Amino acid sequence: MSASSLRCLVLGRDPSGESHSLLTLLEPSEGLVRCLIRTHRGKGTTLPDLFDEGEVSLERAKDGGTRFARDYRLLTRRAGLARDHRTLERACRLAAMIRKNPPPPESAEVCYRIALETFDAMAARPRADCAYFKSLWLILKDGGWGVHEQWFTQLGARQAHAAAILGQPLDAQTTDEETVAKLSTDLERWSAGEAHFVLP
């Protein structure tokens, strides 16, 4: 088996058989990486959790098939994301959007940075709904989609709300949650129609 070590964000952890979990990881140079990790490990070992930043040592079978995580080292655990249901819901939505719409290699580093900064902000600051909207906007913009020219300019009177969300820090947001939710839904629909994103 060949081995490699990756610094990554954990975007998914799903059961796979009786003794393994399937991890979906976001890595700055490869983009999305999937691997299996044993769920029953030795004492003192840390299992990956959603939204962790960690280092994973991977082994790939000689036939080039599934990768296996040999070691996992936790770097950052974002416990603040579970402080309330709405925050966790927005974080899970962002993770699901990235999982269903993997960044191409040339965008992986920027997508990683956007996700990292967004999860940090959601864990420590208010208005996870605004953080989600900003992150989706940035991912679309970095992907080269005309989100400003084609989506923003069609908002009419709602342009002021979208501009305020994008321009204000999370601690200073004044746009009501219902308006943010509607704008986020509209932006998701646009991403599905124009950028061919798959929605969670």
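Look a little higher up for the structure.
Residues numbered from 1 in each chain as written. Predicted model: local features only at pLDDT ≥ 70, side-chain atom pairs only at ≥ 80, totals over all residues. Heavy atoms only, no water.

(A) Representation of the pairing of strand β5 (residues 67-76) in the model. Pairing of strand β3 (residues 31-38) with β5 involves two bridges; the strand directions are parallel. Opposite leucine 36, over in β5, you have phenylalanine 68 as the bridge partner. When strand β4 (residues 53-60) meets β5, the two strands line up antiparallel, connected through eight bridges. Along β5, the bridge assignment pairs glutamate 53 with threonine 76. (Pairing = 2+ DSSP bridges. Helix = DSSP H or I, 4+ residues; strand = E, 2+ residues; numbered from the N terminus.)

(B) Summary view of the packing of aromatic side chains. On inspection of all chains with the given rule, the structure shows four aromatic pairs. Between phenylalanine 51 and phenylalanine 119 the ring centres are 5.0 Å apart and the planes differ by 55°, which places this aromatic pair in the tilted class. Of this pair, phenylalanine 51 sits in the loop between β3 and β4 while phenylalanine 119 sits in helix α2 (residues 105-124), and the two are 68 residues apart along the sequence. A relative accessible area of 0% places phenylalanine 119 in the buried class. With a centroid separation of 6.2 Å and an interplanar angle of 65°, the aromatic rings of tryptophan 137 and tryptophan 151 are classed as edge-to-face. Taken together, the positions of tryptophan 137 in helix α3 (residues 128-142) and tryptophan 151 in helix α4 (residues 147-151) put the pair 14 residues apart, joining distant regions of the chain. Grouping residues by exposure puts tryptophan 137 and tryptophan 151 together as buried. (Phe/Tyr/Trp six-rings, centres within 6.5 Å; stacked < 30°, edge-to-face > 60°. Buried < 20%, exposed > 50% of the residue type's maximum accessible area, 1.4 Å probe, protein only.)

(C) Structural context of the layout of surface pockets. Considered as a void within the structure, the largest pocket measures approximately 310 Å³ in volume. Lining the largest pocket are 17 residues; nearest its centre among them are Arg86, Arg90, Ala128, Asp129 and Glu177. The set of elements that each furnish at least two residues to the lining of the largest pocket consists of α1 (85-100), α3 and α6 (177-194). Of the residues that constitute the lining of the largest pocket, the class distribution is four nonpolar, three polar and ten charged. Here the second largest pocket defines a volume of roughly 260 Å³. Asn101, Pro103, Pro104, Ile139 and Phe197 are, among the 20 residues lining the second largest pocket, the residues nearest its centre. Of all elements in the fold, only α1, α2 and α3 reach the threshold of two or more residues within the lining of the second largest pocket. Here the lining of the second largest pocket is composed, by residue class, of 15 nonpolar, four polar and one charged. (1 Å grid on protein atoms, 1.4 Å probe; cavity = no way out; pocket = protein on both sides within 12 Å on 5 of 7 lines; lining within 4 Å. Points joined across faces, edges and corners; volume = space filled by probe spheres on them. Nonpolar A, V, L, I, M, F, W, Y, C, P; charged D, E, K, R; others polar.)

(D) Fine view of the packing of α1 against α2. Remark: α1 packs on α2, axes separated minimally by 10 Å, with the N-to-C direction vectors making an angle of 170°. The angle between the axes of α1 and α2 places the two elements in the roughly antiparallel class. Of α2, the residues touching α1 (which contributes Thr87, Arg90, Ala91, Leu94, Ala95 and Ile98) are Cys111, Ala115, Thr118, Phe119 and Met122. Its residues assigned to classes, the contact of α1 with α2 shows eight nonpolar, two polar and one charged. (Axes fitted to C-alpha atoms, helices over the stretch in contact; angles between N-to-C directions. Parallel < 35°, antiparallel > 145°, perpendicular 65-115°, else oblique. Contact = heavy atoms within 4.5 Å.)

(E) A look at unusual backbone geometry. Non-glycine residue phenylalanine 51 carries a positive phi angle of around 75°. Phenylalanine 51 gets classed as buried once you look at its relative accessible area, which sits at 4%. Within the chain, histidine 196 stands out as a residue other than glycine whose phi angle is a positive 60°. In this structure, histidine 196 sits in the segment after α6.

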